[in-house]
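The primary structure of each chain is shown beneath.
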2 protein chains.
Amino acid sequence: MNILVLGAGQLARMMSLAGAPLDLNVISYDVGSGQLLHPLTLHTVDQTLARAIADCDAITAEFEHIPDAVLSQCQASGKFYPGQEAIKVGGDRALEKALLERAGVPCASYQLITERAHLEQAIERLGLPLVIKTCQAGYDGKGQWRLRADSDVELIWAEMAAFLAADALHSIIAEPMIPFQREVSVIAVRDRAGNIAVYPVTENEHTNGVLTLSLARAVEDDIHQQAVDAVTRLAPALDYVGVLAIEFFDVDGQLLVNEIAPRVHNSGHWTQQGTLCSQFENHLRAVAGLPLGSTEAIGPSAMINVLGQAAIPAQVLSVANVTSHWYGKACRPGRKMGHINVVAGSEDLLGEKLLQLSALLPQEHYPGVARLGRELMQE
Amino acid sequence: MNILVLGAGQLARMMSLAGAPLDLNVISYDVGSGQLLHPLTLHTVDQTLARAIADCDAITAEFEHIPDAVLSQCQASGKFYPGQEAIKVGGDRALEKALLERAGVPCASYQLITERAHLEQAIERLGLPLVIKTCQAGYDGKGQWRLRADSDVELIWAEMAAFLAADALHSIIAEPMIPFQREVSVIAVRDRAGNIAVYPVTENEHTNGVLTLSLARAVEDDIHQQAVDAVTRLAPALDYVGVLAIEFFDVDGQLLVNEIAPRVHNSGHWTQQGTLCSQFENHLRAVAGLPLGSTEAIGPSAMINVLGQAAIPAQVLSVANVTSHWYGKACRPGRKMGHINVVAGSEDLLGEKLLQLSALLPQEHYPGVARLGRELMQE
């Protein structure tokens, strides 16, 4: 079976690696260049998008920021999963908020901003500090502002106004800064028949807005249930097929949705080692119309992102049940280059392995590893 | 790192899939066509073997029947693992027997045959029935004879004589037919520093000389120890680096070596699901000079070969912790097309899963699945 993926980055690459054993051949459409290519070898394929759409058995996407015309072309084929609406919701915070309200899933209150007066309203209604984000672009900390004091309004509004002026379709959303205890996410998968399987909730750490560390272990039943509730409300509302990732803030035990990603997600990379059917395999199974695989964890797992580092010490691989996943990309500062997965038989042992790794990985490039290791061993 | 693999079949393909996450780019040299190609996409690469040897960081092989000139060319580079001698030993039963005797590893008695008189000697010394095999070619049941009665000698000798006459380098080996209780194999890996890691012993079932079913579970300590002894004698004797597979006959609790394969092996395919570091990953780690990964099993595992079947019922994937691995090959009768891996939390549960699978997989194409399932549930 041939699976066309919109996007040619690491997520498509890892889908390709997960798909080959299932006889699912993944081909990528690089939205930027308009070229079709193999997501592992990056060999270009001399084919039009229309031909690729006609030739494939299913279409999916590895990111949300895809031109409407391409989405419509894929949608018209009748084989696009999770489909145009889900991708657009994932790529537009205003649509996302509307969906969350419609589905009755808790999230932070917000104010849409298209003119200066809306910003004043946001300050009045939501209070300071505010987190202000562009609706249609930006994740991993890009295109975001923090408004902490009235004295910053002029400076930040100038930047916002420039952004709004650049494109009539642009809009901006403001939310109160949520005093959360932790960030968690859930990775779920829904098949064409509507069956849903949910991976264990993952606790995530971000540094400068970018995911640096994920931890998958048994969480409180109530937290798990809230995550499952969100999935079972949102996925059917979108007639969703494939992997759906939802990021939450945990505020005193209540989960508020921060972001919906209609795709495989960085916080689910641990499933490559920590389960027998990774998010990549399950996503492909779903979009290809195959039965879902088990989402059960083998044991407590962690994932460490490799950001802007071209290599890691080889000794990292000498820690039992640790492996690395590289994306085959040229190294640039801060760029997601790969990740390290760790699985253990218990939280204690996972902590021990993280401490071993922290001795090999410089703290400034891999923040939180030592601390998490110590925490897991003390609990 | 670039890894050059001699051979472009499914073993190279699975190495490529295991290598990509480790940033190990596998390129294949197709010995038959003399072409370099990507073992997953089969895209040819316009390069000479000499250039590929110069450009790569390590060389390995996925099969044994490689022309001497190619082996020597690779050996001269100083980066060929496990190296020319190991590959030649694996491809020549006479060299294999000599190694086994030198290393003091038990195997069946034998007689080399290059003329009619040797056949008579074999019958007299080893008795009937005899298993007669060509030394330099043939596995998976090809190029083998069974001599059961004196009345068959003329017929079989005629075939043997024709084979010997075809090439001065040909030779033949005769062994008594071993009354074994079962066939087992061990997959081990040795790194450049001489460290050895051993996967759990695998019990194998062959049908018409071709592997159909593997079972990996805890075996008797004594059997495990004999397998480990064989590995620790043979691997250092060959200064071996990489995965080494040894097939044995279990004769009343004594293991006799049947065959040595200086490569990843079909009876180790279960490690893709049944461990956190498959034989493919560990082989590449070894030849690339990286630390070895854990060879511990997650749980009892089985592998079912898909022979001459272009597809399996999709419902196979609905059994928890079952996945399939396809090789991307055109279907021909009896051809190894892929395999199915099954992992479970206990032997009982593994038996249950095999029974579920046997209801989906026709007995004539997948012999032994139902029987093994019942056996595991009764034990």
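As the structure is a computational prediction, the values presented were derived from the model and not from experiment.

Draft legend 1. Layout of the overall build of chain A. Counting its regular elements, chain A contains twelve helices and 18 strands. Computed over C-alpha atoms, the radius of gyration of chain A comes to 21 Å, within 12% of the 21 Å expected from 2.2 N^0.38 for 379 residues, which places it in the range of a compact globule. Expressed along its principal axes, the backbone C-alpha trace of chain A runs to roughly 55 × 55 × 40 Å. Within the span of chain A, comprising 379 residues, buried residues form 60% of the whole. When contacts within chain A are restricted to residue pairs at least 6 apart in sequence, long-range pairs at least 24 apart make up 61% of them. Accessible surface computed for chain A: about 14,400 Å², of which carbon and sulfur atoms make up 50%.

Draft legend 2. Geometry of the packing of aromatic side chains. Residue and element names in this part refer to chain A. Applying the stated criterion across every chain, the model contains six aromatic pairs over all chains. A ring pair is formed by F180 and F249, whose centres lie 4.5 Å apart and whose planes are at 10°; its orientation type is stacked. Highlighted residues: F180 in the loop between strand 9 (172-176) and strand 10 (182-190) and F249 in strand 14 (residues 242-251), separated in sequence by 69 residues.

Draft legend 3. Representation of the relation of the copies chain A and chain B within the structure. When chain A is brought onto chain B, the operation consists of a screw motion whose angular component is 180° and whose axial shift is 0.0 Å, with 0.0 Å RMSD remaining. Here the copies are linked by what is in effect a two-fold axis. When C-alpha positions in chain A are compared against the rotation axis, the closest is assigned to A:L17, at 3.0 Å. Most of the interface of chain A is mirrored in chain B, where 100% of its interface residues again form contacts.

Draft legend 4. Focus on the packing of helix 6 (residues 116-126) of chain B against helix 7 (residues 153-166) of chain B. Residues and elements named next belong to chain B. As a packed pair, helix 6 and helix 7 sit with axes 11 Å apart at the nearest point and diverge in direction by 135°. As the angle between them shows, helix 6 and helix 7 are arranged oblique. Handedness of the crossing formed by helix 6 with helix 7: right-handed. Residue-level contacts link R116, L119 and I123 of helix 6 to V153, E154, W157 and M160 of helix 7. When the residues that make up the contact of helix 6 with helix 7 are grouped by side-chain class, the tally is five nonpolar, no polar and two charged.

Draft legend 5. Fine view of the side chain of A:K79. Residues and elements named next belong to chain A. Within the secondary structure layout, K79 lies in the loop between helix 3 (68-76) and helix 4 (84-90). Here A54 takes part through its backbone oxygen, which lies 3.3 Å from a polar atom of the side chain of K79. If we ignore the near neighbours within four places in the chain, the residues touching K79 are I53, A54, C56, D57, A58 and I59.

Draft legend 6. Structural view of the interface of chain A and chain B. Facing the 30 residues of chain A at the interface are 31 residues of chain B. The junction of chain A with chain B conceals about 2,700 Å² of combined surface from both sides, 62% of it contributed by carbon and sulfur atoms. Three residues, A:P21, A:L276 and A:L317, lead the burial of chain A against chain B; their summed loss comes to 22% of the area buried on that side. Secondary-structure elements contributing two or more residues to the side of chain A that touches chain B are helix 1 (10-19), helix 10 (279-287) and strand 17 (322-326) of chain A. Ranked by residue count, the leading element in the side of chain A that touches chain B is strand 17 of chain A, at five residues.

Draft legend 7. Structural detail: empty space enclosed by the protein. In total, this model carries seven cavities of 30 Å³ or more according to the counting rule given. Looking at the largest cavity, its volume works out to about 730 Å³. Considering the residues around the largest cavity, the lining is formed by 34 residues, among which A:Q272, A:Q273, A:H325, B:L17 and B:Q272 are closest to the centre. Elements represented by at least two residues in the lining of the largest cavity include exactly helix 1, helix 9 (271-274), helix 10 and strand 17 of chain A together with helix 1 (10-19), helix 9 (271-274), helix 10 (279-287) and strand 17 (322-326) of chain B. Class assignment of the residues belonging to the lining of the largest cavity gives a composition of 17 nonpolar, 15 polar and two charged.

Draft legend 8. Representation of the pairing of strand 1 (residues 2-6) of chain A within the structure. Of all five residues in strand 1 of chain A, four are buried, a share of seventy percent or more. With helix 1 of chain A bridging strand 1 of chain A and its parallel neighbour strand 2 (residues 25-30) of chain A, the resulting β-α-β unit is right-handed.

Draft legend 9. Representation of the sheet that holds strand 8 (residues 144-147) of chain B in the model. Residues and elements named next belong to chain B. Strand order in the open sheet formed by four strands is 6-9-7-8, and the pairing between neighbours is antiparallel. Edge strands, defined here as strands with exactly one partner in the open sheet, are strand 6 (111-113) and strand 8. If you compare each strand with its neighbour and ignore which way they point, the axes differ by 25° on average. Inspection of the sheet shows strand 7 (residues 130-134) paired to strand 8 by four bridges, in the antiparallel sense. Considered in strand 8, the bridge of K133 is made with Q144. Contacting strand 6, strand 7, strand 8 and strand 9 (172-176), helix 5 (residues 93-103) runs over the sheet at an angle of about 55° to strand 9. Against the sheet, helix 6 touches strand 6, strand 7, strand 8 and strand 9, its axis set at about 160° to strand 6.

Draft legend 10. Region of the structure containing the environment of A:A174. All names here are of chain A. By the secondary structure assignment, A174 is in strand 9. A sequence separation of 137 residues divides A174 from L37, and the C-alpha atoms of the two residues are 38 Å apart. With near-sequence residues (within four places) excluded, A174 lies in contact with S109, Y110, Q111, I113, A122, L126, L130, V131 and I132.

Draft legend 11. Fine view of the pattern of salt bridges. All names here are of chain A. Overall, the coordinates contain 34 salt bridges over all chains when judged by the stated rule. In this structure, R285 and E281 form a salt bridge, with 2.9 Å as the shortest nitrogen-oxygen distance. Taken as a pair, R285 and E281 lie in helix 10 at a separation of four residues, close to a single helical turn. Comparing R285 with E281 shows no difference in burial state: the two are buried. Within the structure, one salt-bridge network assembled from shared partners comprises R182, E203, R217, E220, D250 and E347.

Draft legend 12. Just the pairing of strand 1 (residues 2-6) of chain B, in detail. Residues and elements named next belong to chain B. Across five bridges, strand 1 lies against strand 2 (residues 25-30) in parallel orientation. In the sheet register, I3 faces strand 2, and the bridge partner there is V26. Note: strand 1 against strand 5 (residues 58-61), four bridges, orientation parallel. Bridging from a neighbouring strand, I3 pairs with A58 of strand 5.

Draft legend 13. Here's a closer look at helix 11 (residues 347-358) of chain A. Residue and element names in this part refer to chain A. Between its terminal C-alpha atoms helix 11 stretches 16 Å, which fits the 16 Å expected from twelve residues at 1.5 Å a residue. Residues of helix 11 that are buried: L350, G351, K353, L354 and L357. Seen from one end, helix 11 has its buried residues packed into an arc of 165°, which puts them on one side. Packing partners of the buried residues in helix 11 comprise strand 13 (210-216), strand 16 (301-307), strand 17, strand 18 (336-343) and helix 12 (369-378).

Draft legend 14. Broad picture of the sheet that holds strand 3 (residues 35-37) of chain B. Residues and elements named next belong to chain B. On the basis of which strands lie adjacent, the open sheet formed by five strands has the order 4-3-2-1-5 and mixed pairing. Two strands lie at the open edges of the sheet, namely strand 4 (44-45) and strand 5, each paired on one side alone. Set on the sheet, helix 10 makes contact with strand 1, strand 2 and strand 5; between it and strand 5 the angle comes to about 140°.

Draft legend 15. Region of interest: unusual backbone geometry. A cis amide bond links B:Y81 to the next residue, B:P82, at an omega of 5°. Cis geometry marks the peptide bond from B:L128 to B:P129; its omega dihedral reads -5°. Structurally, B:P129 can be placed in the loop between helix 6 and strand 7. Although it is not a glycine, A:D23 sits at a positive phi angle of roughly 65°. Among the secondary structure elements, A:D23 is positioned in the loop between helix 1 and strand 2. Judged by its relative accessible area of 28%, A:D23 falls in the partly exposed class. Phi is positive for A:N208, which is not a glycine, with a value near 55°. Mapped onto the elements of the fold, A:N208 is located in the loop between strand 12 (202-207) and strand 13.

Here is what the cut-offs are and how they apply
In every chain, residue numbers begin from 1 and rise along the written sequence. Here every chain gets a letter starting at A, and every ligand a number starting at 1, in the order they are written. pLDDT decides what is reported in this predicted model: residues at 70 or higher carry local features, side-chain atom pairs at 80 or more are listed and counted, and totals for whole chains, interfaces and linings draw on all residues regardless. Side-chain descriptors were evaluated using all non-hydrogen atoms of the structure, hydrogens and water having been removed beforehand. The helix and strand labels rest on DSSP assignments: H or I over at least four residues marks a helix, E over at least two residues marks a strand, and numbering proceeds from the N terminus. It is over C-alpha atoms that the radius of gyration is taken, and the globule rule equals 2.2 Å times the number of residues to the power 0.38. Under the scheme applied here, a residue whose accessible area is under 20% of the maximum for its type counts as buried, over 50% as exposed, and between as partly exposed, the area being computed with a 1.4 Å probe on protein chains only. For this analysis, residues touch if any pair of their heavy atoms sits within 4.5 Å. Per-residue and other accessible areas were derived by the Shrake-Rupley procedure at a 1.4 Å probe size, with only the shown protein chains allowed to occlude residues. Think of it this way: a Phe, Tyr or Trp ring, Trp meaning its six-membered ring, pairs with another when their centres are within 6.5 Å, and the plane angle makes it stacked under 30 degrees, edge-to-face over 60, tilted otherwise. To line up the copies, we fit them by least squares on C-alpha atoms, keeping just the residues with pLDDT of at least 70 in both. Interaxial angle, 0 to 180 degrees, is taken between N-to-C directions of lines fitted to C-alpha atoms, where a helix line uses only the stretch in contact. The cut-offs work like this: below 35 degrees is roughly parallel, past 145 is roughly antiparallel, 65 to 115 is roughly perpendicular, and the gaps in between are oblique. The handedness criterion is simple: a crossing whose near helix is rotated anticlockwise from the far helix by less than a right angle is left-handed, and one whose near helix is rotated clockwise is right-handed. Put simply, Ala, Val, Leu, Ile, Met, Phe, Trp, Tyr, Cys and Pro go in the nonpolar bin, Asp, Glu, Lys and Arg in the charged bin, and everything else, Gly too, in the polar bin. N or O atoms closer than or at 3.5 Å make up a polar contact, with two conditions inside protein: a donor-capable atom paired with an acceptor-capable one, and, for residues adjacent in sequence, both atoms drawn from side chains. Here's the idea: put two parts together, see how much 1.4 Å probe accessible area each one loses, and the total over both is what we call buried area. Here a cavity denotes grid points, spaced 1 Å and computed from the protein atoms alone, that fit a 1.4 Å probe unable to get out, and a pocket denotes an open set having protein on both sides within 12 Å along at least 5 of 7 lines; residues with an atom within 4 Å of a point are the lining. Grid points are joined across faces, edges and corners, and a volume is the space filled by probe spheres set on the points. With strands facing away from the observer, any crossover in which the path from the first strand over the helix to the second runs clockwise is taken as right-handed. Here, any two strands with at least 2 DSSP bridges between them count as paired. Basic side-chain nitrogens of Lys or Arg form a salt bridge, by our definition, when they fall within 4 Å of a carboxyl oxygen of Asp or Glu. Given the number of residues in a helix, its expected span is that number minus one, multiplied by 1.5 Å. Throughout, the arc means that of the directions going from the helix axis to the C-beta atoms.

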